[in-house]
Amino acid sequence: MLPRKQQLFRRGLSVHCSLSLTPSPPPPKPPSLSILADRCKSMDQLKQIHAQMIVSSRIQDNFAASRLLSFCALTESGDLNYASKLFNCIEEPNSFMWNTMIRAYASGSQPSEALFLYIKMRFFEVVPGKHTYPFLLKACSNLGSILSSKQVHTHVLKSGLDLDLHVVNGLVRAYSVSKKIDYARRVFDEALERNLSIWTTMICGYAQNCCPDDALELFDEMIVQGFEPNGVTLASVLSACAQSGCLELGDQIRLFIKRKGMEVGVILGTALVHMYAKNGAISMAKELFDNLLVKNVVTWNAMICGLAAYGHVDEALTLFRGLEREQIEPNDRTFVGVLSACCHAGYLDVGRKIFDSMKSMYGIDPKIEHYGCMVDMLGRSGRVVEAEELMKSMTWKADVVILGALLAACKNHGNIEVAERVVEQILELEPHNHGVFVVLSNMYAEAGRWEEVSKLRKLMKKGNLKKIPGWSHVDDDN
DNA sequence: CTAGGGTTAG
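Predicted model, so just to flag it, every value in this text is computed and none were measured.

Conventions used here
Residues numbered from 1 in each chain as written. Chains lettered and ligands numbered in written order. Predicted model: local features only at pLDDT ≥ 70, side-chain atom pairs only at ≥ 80, totals over all residues. Heavy atoms only, no water. Helix = DSSP H or I, 4+ residues; strand = E, 2+ residues; numbered from the N terminus. Buried < 20%, exposed > 50% of the residue type's maximum accessible area, 1.4 Å probe, protein only. Domains from an automatic or database assignment. Contact = heavy atoms within 4.5 Å. UniProt positions renumbered as here; feature names shortened; annotations may be inferred. Expected span 1.5 Å × (residues − 1). Bend = angle between axes of the 7 residues up to and from the residue. Polar contact = N/O pair within 3.5 Å; in protein donor to acceptor, adjacent residues only side chain to side chain. Salt bridge = Lys/Arg side-chain N within 4 Å of Asp/Glu carboxyl O. Axes fitted to C-alpha atoms, helices over the stretch in contact; angles between N-to-C directions. Parallel < 35°, antiparallel > 145°, perpendicular 65-115°, else oblique. Left-handed = near helix turned anticlockwise from the far one by under 90°. Nonpolar A, V, L, I, M, F, W, Y, C, P; charged D, E, K, R; others polar.

Caption draft 1: A look at unusual backbone geometry. A positive phi angle is found at E125, which is not glycine, with a value near 60°. At C210, a residue that is not glycine, the phi angle is positive and equals roughly 60°. If you trace the backbone, C210 turns up in the loop between α12 (196–208) and α13 (212–224). On the accessibility criterion, C210 (63% relative accessible area) is exposed.

Here's what the structure looks like:
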């Protein structure tokens, strides 16, 4: 408040001024900041509007602040860090603003920040609404954290928002990606109402959790209940068809898509290609692949891996070269396909070159699967020692897949020395793996080393598999 | 005052 005298003075002044001026049109109103903020297209513009707000003391104009926040938190050309600073300047953010920030963090690189914001929101006694939980559950999904999913679930139940379809969908999704598919199913079953998205989420959950038969069963039920699937649903169903070998249903889905004139975008198209390729209908897969207008690296990988798996090695390699022409960046999975193709055909030199190019040309660090292909490839061509060397050079501990490939190579090329070490390592990982005994025992027999065969037989009889590591030093009496 | 979901490779 101004002192009394000044107030009177000002009032007098304004009366004086208004009396002394001749009538004139009212000055143009300053454009509303909300409208400006709505039209905001870039961070530069946003910063100008933000500056306007600061100098005109309208920073607490929640209308405009909401718009600015939405722009820089959610849009492609925004800036989440700036949004966070802006948010922190707002004295009493309303629930829309909290939800906006939670939403932005949920799908970013720090989903845990969304959970943290939610806790802060509750601390400030802002009531979460039906727009809060779906975003929060998105954060749980992206975190893959079952603990936070459960905690958010209890908050949902307390809030009474468990009937909201977006919330149900978020819960089903969060439990699915946390690999708790039975929890997801329970939420699904207990929902009073379901829409196509929720059915799709549940079907997709099964497909992504290696339960393709459950996915297909649920799809049947969905149809019985009168829901018509869309492209999103069908992409998941096709994935289930690929996994469980349902070529027929997959083919029916293709016809359905055609009859309905549904748009086949990159995801649905890839799902179709993969379904046919996985089921060995390579020519059909290739035809679809060639006719797809939009492809991405996933599409290419599906086709390359399909070709490789069914022995069309040269076509797989040709496709790999074609990928470079299309300027699509291959990724680690592309190389699993290409290297397994080389392995299949025994193209050792080609395989080696590609393996080396992964890091040098594409900047992709080989993973254990890639080493697995190389070990297998070297082993098959009889270079057992080299294969063992490569395996030892890995930064990871060898797994049973890679050890199994090496053991097979030992067997096929009669390298008992390496086989003994490999068997030892396999038994460390799987102490009850009788199969490797049989392999080793057969190898000794083949070499005429009957003493070792006998020792092994006695150990096996005693069921004393744990003694096997270093077993050859064990006396007969033990 | 405002907003939101589910999809493809191994």
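That was the structure; now back to the text.
Caption draft 2: Looking closely at the domain arrangement of chain A. One can read the domain layout of chain A as domain 1 (51–193) and domain 2 (383–478). Spacing between the C-alpha centres of domain 1 and domain 2 amounts to 54 Å.

Caption draft 3: Inspection of the side chain of T233 at higher detail. Relative to the helices and strands, T233 is located in helix α14 (residues 231–244). Apart from residues lying up to four places away in sequence, T233 is in contact with L196, T200, I203 and M222.

Caption draft 4: How the structure looks around the UniProt feature "repeat: PPR" (unreviewed entry) in chain A. Those residues carrying the UniProt feature "repeat: PPR" (unreviewed entry) are residues 94–128, 195–229 and 296–330 in this numbering. Annotated as 71% helix and 0% strand, the span residues 94–128 places its first and last C-alpha atoms 10 Å apart. Structurally, residues 296–330 is divided into 74% helix and 0% strand, and its ends, taken at the C-alpha atoms, are 10 Å apart.

Caption draft 5: Structural detail: helix α21 (residues 348–362). Taking 1.5 Å as the rise per residue, α21 with 15 residues should run 21 Å; its terminal C-alpha atoms sit 20 Å apart, in good agreement. At D356, α21 shows its largest bend, some 35°. Among all positions in α21, only L348, G351, I354, F355, S357, M358 and Y362 are buried. Check the buried side of α21 and you find it contacts α19 (313–325), α20 (332–345) and α22 (368–380). Of the residues flanking the end of α21, it is G363, one or two places downstream, whose phi is positive at about 65°.

Caption draft 6: Structural context of the environment of L80. Of note, L80 is situated in helix α5 (residues 80–89). A sequence separation of 148 residues divides L80 from E228, and the C-alpha atoms of the two residues are 38 Å apart.

Caption draft 7: Quick look at the side chain of H153. Mapped onto the secondary structure, H153 falls in helix α9 (residues 146–159). For H153, a relative accessible area of 17% translates into the label buried. A distance of 2.8 Å separates a polar atom in the side chain of H153 from a polar atom in the side chain of Y175. In this view, H153 contacts L171, Y175 and V187; residues no more than four positions away in its chain are not counted.

Caption draft 8: Region of the structure containing the pattern of salt bridges. Tallied over the entire structure, the rule returns 14 salt bridges. One salt bridge connects K397 with E428, and the closest N-O pair in it is separated by 3.7 Å. Taken together, the residues span a long stretch of sequence, with K397 in the loop between α23 (384–392) and α24 (400–413) and E428 in helix α25 (residues 416–429) at a distance of 31 residues. Judged by its relative accessible area of 58%, K397 is exposed. The network of salt bridges with common partners includes R352, R383 and E386.

Caption draft 9: Representation of the packing of helix α3 (residues 43–55) against helix α4 (residues 62–74) within the structure. Viewed as axis vectors pointing N to C, α3 and α4 meet at an angle of 155°, and their least axial separation amounts to 11 Å. Relative to α4, the element α3 lies roughly antiparallel. Where α3 crosses over α4, the two elements pack in a sense that is left-handed. When α3 is examined against α4, the residues M43, L46, I49, H50 and M53 are found in contact with a partner set consisting of A64, A65, L68, F71 and C72. The residue makeup of the contact of α3 with α4, split by class, is 9 nonpolar, 1 polar and no charged.

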